Amino acid sequence: MKLQALLCLLLFVAHLAAARNIAFWNVENYFDTIADSPEDQFAPGGRYRWTSSKFGAKARGIAKVILALADSLGEPPYVVGLCEVENEACMKALIRQPALRKYGYRYVHYDSPDRRGIDCALLWRSTDGICPGLGRLRSSFAVPVRDTSGSVLPTRALLVAEFDSLAVVVCHLPSKRGGSSEASRRRELALQTLAALCDSLPAPVMALGDFNDTRSALSDSIMRPMRELPVSGGTIKFQGEWEQIDRAFVSEGMEATLSVAALPLLSEPDKKYGGVKPRRTFIGPRYNAGLSDHYPIILSFGRRRK
């Protein structure tokens with residue numbers, strides 16, 4: 001009987017070790033209320049009439065979603081990559097939320113040269129300085145995107161967190177808005193920077209984020225030998241069509257799966273096109289009381305492929 005109990009315990013521990021989960025989520029303009037310039041739109045007197053109560057509701061809502069992911073994962077994700085975070089104050093407000101306190105989340109954040117003032121960030125669960133299943137956070141840093149002359153482009157920097165057993169890269173690539181040749185050039189430079197960064201890190205590496213574009217032959221070619229994970233469904237809805245622009249790449253040999261967390265608490269009816277859509281915080285300048293126009297993605301991984 002004791003042997004059977006021991007075997008069950010070993011199987012349980014092995015299951016935990018194999019079921020590591022990392023999330024990514026574009027949290028749509030997660031700004032505090034402090035005006036950084038006279039033109040700051042996310043301030044009480046700005047275009048969006050952003051107030052402390054709205055900011056508090058957004059922080060509580062993000063924390064609630066992270067906790068809600070435990071319903072399907074069994075526990076909250078070990079690491080959560082975020083984008084569209086304004087500053088460190090937003091991350092401090094997030095880890096202080098009652099929903100997250102007992103899990104010991106810490107954060108990594110670096111300011112970017114983005115014109116909108118938004119950055120990538122990362123949450124990681126810590127027990128005495130150790131992230132379950134990943135080990136210690138050995139280093140973290142940000143890598144700006146540069147053009148061919150070496151000048152830093154005014155876009156989001158790539159964020160790197162190196163744990164004992166895994167390097168995580170969080171990205172938010174330049175938008176293709178307008179479809180101009182300059183927008184395409186910046187996106188290609190950002191992809192090249194991401195690929196070179198992943199190649200420079202010791203494997204295994206996981207790169208995930210908002211790529212602001214769906215899968216293409218160009219991204220596949222640039223990111224090789226990293227492998228993009230397939231996923232069904234989309235994370236954002238544009239003119240009634242689902243698009244998968246929140247994506248993940250892993251080192252060759254990693255066994256991993258990707259899924260979309262289309263939680264009901266993040267959704268609202270799509271009155272124009274039917275079905276549902278993510279409930280965003282703002283529709284134009286009108287406050288919609290949602291959390292994001294994106295659904296989170298969940299990357300689950302375990303043993304290395306042979």
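Everything below is about the structure shown above.
Residues numbered from 1 in each chain as written. Predicted model: local features only at pLDDT ≥ 70, side-chain atom pairs only at ≥ 80, totals over all residues. Heavy atoms only, no water.

Student: Give me the lowdown on the overall build of the chain, citing residues and values where you can.
Tutor: Helices and strands together make up the secondary structure of the chain, namely seven helices and 19 strands. Whereas a compact globule of 306 residues would reach a radius of gyration of roughly 19 Å, the chain reaches 19 Å, a difference of no more than 12%. The principal-axis extent of the C-alpha atoms belonging to the chain is close to 70 × 45 × 40 Å. Burial analysis of the chain (306 residues in total) assigns 51% to the buried set. For the chain, the share of sequence-separated contacts (at least 6 apart) that also reach a separation of at least 24 residues comes to 68%. (Helix = DSSP H or I, 4+ residues; strand = E, 2+ residues; numbered from the N terminus. Rg over C-alpha atoms; globule rule 2.2 N^0.38 Å. Buried < 20%, exposed > 50% of the residue type's maximum accessible area, 1.4 Å probe, protein only. Contact = heavy atoms within 4.5 Å.)

Student: Would you mind going over the nonpolar core in detail, with residue names and values included?
Tutor: Ranked by size, the top nonpolar core spans 35 residues in total, and within it W25, Y30, L82, V85, L94 and L123 carry the most contacts. Those elements that provide at least two residues to this core are strand 1 (20–30), helix 2 (52–68), strand 2 (79–85), helix 4 (88–95) and strand 4 (119–125). Those residues in contact with L94, other than ones at most four positions away along the chain, are Y30, A59, I62, A63, L82, L100 and L123. Counting residues in each nonpolar core, the second largest holds 28 residues, with C83, L122, L208 and L229 among its members. (Core = buried A, V, L, I, M, F, W, Y, C linked by side-chain atoms within 4.5 Å.)

Student: Pulling in residues and values, what's your account of the sheet that holds strand 5 (residues 130–131)?
Tutor: Taken in spatial order, the seven strands line up as 5-6-7-8-9-13-10 in an open sheet, and their pairing is mixed. Taken across any chain shown, the strands that pair with only one partner, and hence form the sheet edges, are strand 5 and strand 10 (227–228). Sheet analysis places strand 9 (residues 205–210) next to strand 13 (residues 246–250), joined by five bridges and oriented antiparallel. Following the sheet pairing, A207 is matched in strand 13 by F249. (Pairing = 2+ DSSP bridges.)

Student: With reference to specific residues and values, describe helix 4.
Tutor: Burial in helix 4 covers these residues: C90, M91, A93 and L94. Buried residues in helix 4, looked at end-on, bunch into an arc of 160°, giving them a common side. Of the surrounding secondary structure, the elements contacted by the buried residues of helix 4 are strand 1, helix 2, strand 2, helix 5 (98–101), strand 3 (105–109) and strand 4. The backbone nitrogen of A89 has a side-chain oxygen 3.2 Å away, supplied by the residue at the start of helix 4, namely N87. (Arc of directions from axis to C-beta. Polar contact = N/O pair within 3.5 Å; in protein donor to acceptor, adjacent residues only side chain to side chain.)

Student: Before we move on, can you summarise helix 2 with the specific residues and values?
Tutor: A rise of 1.5 Å per residue sets the reference length of helix 2, with its 17 residues, at 24 Å; its end C-alpha atoms lie 24 Å apart and thus fit the reference within 8%. Buried within helix 2 we find K54, F55, G56, K58, A59, G61, I62, A63, V65, I66 and A68. (Expected span 1.5 Å × (residues − 1).)

Student: Describe the packing of helix 2 against helix 4, and please don't skip the residues or the numbers.
Tutor: Contact geometry for helix 2 and helix 4: axes closest at 9 Å, N-to-C directions at 60°. One finds that helix 2 runs oblique with respect to helix 4. Here the hand of the crossing between helix 2 and helix 4 comes out right-handed. Taken together, the residues of helix 4 that come into contact with helix 2 (itself represented by F55, A59, I62 and A63) are C90, A93 and L94. Taken together, the residues that form the contact of helix 2 with helix 4 break down as seven nonpolar, no polar and no charged. (Axes fitted to C-alpha atoms, helices over the stretch in contact; angles between N-to-C directions. Parallel < 35°, antiparallel > 145°, perpendicular 65-115°, else oblique. Left-handed = near helix turned anticlockwise from the far one by under 90°. Nonpolar A, V, L, I, M, F, W, Y, C, P; charged D, E, K, R; others polar.)

Student: Report on the packing of aromatic side chains, specifying residues and quantitative values.
Tutor: Under the counting rule described, the total for this entry stands at 11 aromatic pairs. Grouped by ring-pair contacts, the aromatic residues F31, F42, Y48, W50, F282 and Y287 constitute a single cluster. Looking at K54, its charged tip hangs above the ring of Y287, at a distance of 4.7 Å from the centre. Against the face of F211 rests R247, its NZ or CZ located 4.9 Å from the ring centre. (Phe/Tyr/Trp six-rings, centres within 6.5 Å; stacked < 30°, edge-to-face > 60°. Lys NZ or Arg CZ within 6 Å of the ring centre and 35° of its normal.)

Student: Help me get a handle on the environment of T148, residues and values and all.
Tutor: For T148, the position within the fold is in the loop between strand 6 (135–143) and strand 7 (158–163). Accessibility expressed as a relative area gives 78% for T148, which makes it exposed. Placed 41 residues apart in sequence, T148 and L189 show a C-alpha to C-alpha distance of 8.4 Å.

Student: Give a description of the pattern of salt bridges that names residues and reports values.
Tutor: Here the structure, examined in full by the defined rule, presents 14 salt bridges. We note a salt bridge from D114 to R156, for which the minimum N-O separation is 3.0 Å. Highlighted residues: D114 in the loop between strand 3 and strand 4 and R156 in the loop between strand 6 and strand 7, separated in sequence by 42 residues. For the residue pair D114 and R156, the accessibility class agrees, reading buried in each case. For the salt bridge of E182 with R186, the shortest nitrogen-to-oxygen distance reads 3.0 Å. Of the two residues, E182 and R186 both sit in helix 6 (residues 181–200), four residues apart, roughly one turn of that helix. Connected through shared salt-bridge partners, R215, D220, E228 and R247 make up one network. (Salt bridge = Lys/Arg side-chain N within 4 Å of Asp/Glu carboxyl O.)

Student: Please provide a residue-by-residue account of the pairing of strand 9, values included.
Tutor: By the criterion of burial, strand 9 is predominantly enclosed, with six of the six residues buried. Of the pairings in the sheet, the one linking strand 8 (residues 167–172) to strand 9 comprises six bridges and is parallel in character. Its bridge partner lying in strand 9, C171 is registered against G209.

These results come straight from atomic positions and should not be treated as a statement about function.
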